[in-house]
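Examining the three-dimensional arrangement
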Amino acid sequence: MACGKVACGICCGVTVVAIVLILFFFWPRNVEGCINTDDLAVTAWSLNSTSFAVAMSLPARVKNENYFAIDFDTIDVTAKYEGVAVAQGTAKDFTAESRGNSDLTVNLEPVSTSNSVASNLVSDCVDFIWQVTYVADVKLKAGGISFTFETTQDMPCAAGSASATNMTQGFVCKSSGIT
């Protein structure tokens with residue numbers, strides 16, 4: 001009789017330890033999306049009173065604190081000026097490695113803009129600076145999970161890098177809100 005109680009106690013103890021270990025390793029942890037403003041580059045710039053076009057190379061990082069890799073279906077990035085999309089780019093089939101940082105570069109290509117965007121930007125560029133907002137829509141492969149984050153940065157009104165104009169902030173990170 002005592003042997004049965006000991007065996008039952010051991011089985012229960014092993015089960016509890018196994019559940020705790022499974023929860024520790026597989027419980028979702030925070031994932032952050034970051035934009036590296038030090039290496040962000042405007043690769044093409046065209047502005048006159050009636051049209052505007054900009055292309056950018058946007059270095060990004062995904063910080064994954066989980067004990068498992070995360071596969072992303074798409075990372076869509078839109079650069080906006082005054083709420084209007086001026087450039088867009090997509091990274092597909094990206095994997096964020098477990099317990100670390102995974103870097104990628106999203107190339108943003110120009111999208112057509114209205115005349116009002118060009119005229120507003122011409123007046124903002126009198127000070128040689130325009131403010132761009134990056135909106136990243138991220139979709140994971142598993143479970144249909146998606147999240148959005150955005151950040152705003154001052155950029156020079158010309159082709160070149162933000163670091164050349166001391167407009168950098170290093171890595172600007174936003175939490176996914178998935179924990």
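Right above here is the structure, for reference.
Sequence order as written defines the numbering, with residues in each chain counted from 1. It should be noted that, the model being predicted, local features are given only for residues of pLDDT at least 70 and side-chain atom pairs only at 80 or more, the latter also being counted only at that level, while totals for whole chains, interfaces and linings use all residues. Calculated side-chain values reflect all of the structure's heavy atoms, with hydrogen atoms and water omitted.

1. Details of the pattern of salt bridges
It is possible for side chains bearing opposite charge to pair when their charged atoms get close. A pair is scored as a salt bridge if a Lys or Arg side-chain nitrogen falls within 4 Å of a carboxyl oxygen belonging to Asp or Glu. Under the counting rule described, the total for this entry stands at three salt bridges. Between Lys-63 and Glu-32 there is a salt bridge, with its nearest N and O atoms 3.9 Å apart. With Lys-63 in strand 3 (residues 52–64) and Glu-32 in strand 1 (residues 31–36), the pair connects residues that are 31 residues apart, well separated along the chain. Since its relative accessible area comes to 25%, Lys-63 is described here as partly exposed. Here the term buried applies to any residue with accessible area under 20% of the maximum for its type, exposed to any over 50%, and partly exposed to those in between, with areas from a 1.4 Å probe on protein chains only. Residue classification places Glu-32 among the partly exposed residues on the basis of a relative accessible area of 23%. A helix here means a DSSP run of H or I that spans at least four residues, while a strand means a run of E at least two residues long, and both kinds are numbered starting from the N terminus.

2. A word on unusual backbone geometry
In the Ramachandran plot, Asp-93 falls in the positive-phi region, its phi being about 50° despite a non-glycine side chain. Looking at where Asp-93 falls in the secondary structure, it is placed in strand 5 (residues 84–96). Even without glycine at this site, Arg-99 takes up a positive phi of about 50°. Tracing the backbone through its elements, the reader meets Arg-99 in the loop between strand 5 and strand 6 (100–110).

3. Overview of the packing of aromatic side chains
Centres within 6.5 Å make a pair out of two Phe, Tyr or Trp rings, where for Trp the six-membered ring is used; the pair is then stacked when the planes are under 30 degrees apart, edge-to-face when over 60, and tilted otherwise. For the structure shown, the criterion picks out five aromatic pairs. Ring geometry for Phe-72 versus Phe-94: centroids 6.0 Å apart, planes at 35°, classification tilted. Placement of Phe-72 in strand 4 (residues 70–81) and of Phe-94 in strand 5 is noted, with a sequence separation of 22 residues between them. When its relative accessible area of 2% is taken as the criterion, Phe-72 is described as buried. Overall, Phe-94 belongs to the buried group, its relative accessible area being 12%. A network of ring pairs unites the aromatic residues Trp-45, Phe-52, Tyr-81 and Trp-130 as a single cluster. Note on geometry: a ring has a charge over it if NZ (lysine) or CZ (arginine) is within 6 Å of the ring centre and within 35 degrees of the ring normal. Sitting over the ring of Tyr-67, Arg-99 keeps its end group 4.5 Å from the ring centre.

4. So, empty space enclosed by the protein
Lining residues are those with an atom within 4 Å of a point, where the points come from a 1 Å grid over the protein atoms alone and group into cavities, where a 1.4 Å probe fits but cannot get out, or pockets, open sets with protein on both sides within 12 Å along at least five of seven lines. Grid points are joined across faces, edges and corners, and a volume is the space filled by probe spheres set on the points. Tallying each qualifying case throughout the model produces one cavity of 30 Å³ or more. Counting residues per element, the lining of the largest cavity draws most heavily on strand 1, at five residues. All amino acids are sorted into three groups, where Ala, Val, Leu, Ile, Met, Phe, Trp, Tyr, Cys and Pro are nonpolar, Asp, Glu, Lys and Arg are charged, and the leftover types, Gly among them, are polar. In the lining of the largest cavity, the residues fall into 15 nonpolar, one polar and two charged.

5. Side note on helix 2 (residues 115–124)
Those residues of helix 2 that fall on the buried side of the exposure criterion are Val-117, Ala-118 and Leu-121. All buried residues of helix 2 project into a common sector of 95° when viewed along the axis, lining one side. If you follow the buried residues of helix 2, they end up packed against strand 2 (41–47), strand 3, strand 4, strand 5 and strand 7 (129–140). This arc describes the spread of directions from the helix axis toward the C-beta atoms. The contact criterion used throughout is that any non-hydrogen atoms of two residues lie within 4.5 Å.

6. Overview of the state of the cysteines
Throughout, a disulfide means two cysteine sulfur atoms within 2.5 Å of one another. Counted by the stated rule, this structure contains one disulfide. Disulfide partner of Cys-125: Cys-157, at an S-S distance of 2.0 Å. Its torsion about the S-S bond being -80°, the disulfide of Cys-125 and Cys-157 is classed as left-handed. Of this pair, Cys-125 sits in the loop between helix 2 and strand 7 while Cys-157 is found in the loop between strand 8 (146–156) and strand 9 (160–161), placing the two residues 32 residues apart along the sequence. For the residue pair Cys-125 and Cys-157, the accessibility class agrees, reading buried in each case.

7. Considerations on the pairing of strand 1
The buried count for strand 1 comes to five of six residues, which makes it a mostly enclosed element. Judged from the five bridges that link them, strand 1 and strand 3 form a sheet pairing that is antiparallel. From the neighbouring strand, Ile-35 faces strand 3, where its bridge partner is Ala-60. Two elements, strand 1 and strand 10 (residues 171–175), share five bridges in a ladder whose sense is antiparallel. Pairing of Gly-33 across the sheet is with Lys-174, part of strand 10. DSSP-based pairing: two strands are paired if at least 2 bridges between them are found.

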